[in-house]
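Structural characterization, general
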Amino acid sequence: MSRIIVVTSGKGGVGKTTVTANLGVAIARLGRTVALVDADFGLRNLDLLLGLENRVVYTAMEVLAGQCRLEQALVKDKRQDGLVLLPAAQSRNKESVTPEEMKKLIGVLSQKYDYILIDSPAGIEMGFRNAIIAAKEALIVTTPEIAAVRDADRVIGLLEAQNIKRIHLIVNRLKPAMVQADQMMSVQDVQEILAIPLIGVIPDDERVIVSSNKGEPLTLAENLTLPAIAVQNIARRLEGERVPLLDLMAEHDSLLNRILRMFRN
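Everything numeric here is computed off the predicted structure, so don't read it as measured data.

The number of helices and strands found in the chain is 13 helices and eight strands. Relative to a compact globule of 265 residues, whose C-alpha radius of gyration would be 18 Å, the chain shows 18 Å and is just as compact. On the principal axes, the C-alpha backbone points of the chain span a range of 70 × 40 × 35 Å. Residues classed as buried in the chain amount to 52% of the 265 residues present.

Trans peptide bonds make up the majority, and among non-glycine residues the majority have a negative phi. Residue R173 is not a glycine yet carries a positive backbone phi of 60 degrees. Turning to its location among the elements, R173 is positioned in strand β7 (residues 166-174). With a phi angle near 55 degrees, A195 is a residue other than glycine that sits in the positive phi range. For A195, the location among the structural elements is in the loop between α9 (187-194) and β8 (198-203).

Strand order in the open sheet formed by eight strands is β3-β4-β2-β5-β1-β6-β7-β8, and the pairing between neighbours is mixed. Each end of this open sheet is capped by a strand with a single partner; those strands are β3 (75-76) and β8. Pairing analysis gives five bridges linking β7 to β8, with the strands arranged parallel. By the bridge assignment for β8, V171 is matched with V201. Along the sheet face, α9 touches β6 (137-142), β7 and β8 and points at about 150 degrees away from the line of β7.

Criteria and thresholds
- Residues numbered from 1 in each chain as written.
- Predicted model: local features only at pLDDT ≥ 70, side-chain atom pairs only at ≥ 80, totals over all residues.
- Heavy atoms only, no water.
- Helix = DSSP H or I, 4+ residues; strand = E, 2+ residues; numbered from the N terminus.
- Rg over C-alpha atoms; globule rule 2.2 N^0.38 Å.
- Buried < 20%, exposed > 50% of the residue type's maximum accessible area, 1.4 Å probe, protein only.
- Pairing = 2+ DSSP bridges.
- Contact = heavy atoms within 4.5 Å.
- Axes fitted to C-alpha atoms, helices over the stretch in contact; angles between N-to-C directions.

If you want it as structure tokens, here you go:
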């Protein structure tokens, strides 16, 4: 049975689309077929992060209008077998698609792919409702910032009201040095507020920005960076593997920091 997962956050700018792109690649590398759906009508970005923008001919709008077949709109990633993208239309707004149309579209995809990852737009208006209408599971992406966490908490309530009970947390852009200096919320702080199971923590890394600008997801590389390993581990956990969380704090925990904390305590 296909797993239909919405990747959402509430707040924009937390790296939700970047996580979707890299996670899609990571799941496909495990031998699963994956369809990535850009639900951000009017502000399409998932194709850019995947480096597929020049190969988009048709979008979900043409499929819904009967102007092309679904197979014609799906963009295959030549670098990774089993991965396809259904792009959103840049020329339309979020009200151009109804939840019923979106549900029908996802239903067709679910007959052909093991995973459907839906990249939800920021906010909780029509675009969000379209993104969650067919989802059975959700991944909440948040950075360790109070505004992002508060918005994530609001979204969790909306997901539960939609009867989406399988919800997991991804803490993105963690900066261990700032956590150690009490300048950033810890993963535990975020967990205590949101009270949903943690499925992964992704460290902040400039290489994520570089890879996004190049349209080359980090999880495509043969030599995986720490953020790519973190995303790969999330994919493995989705598959049911028991994979321990990376100890990001230990890697940045210098002797000086330990001494400073002793004096602070």
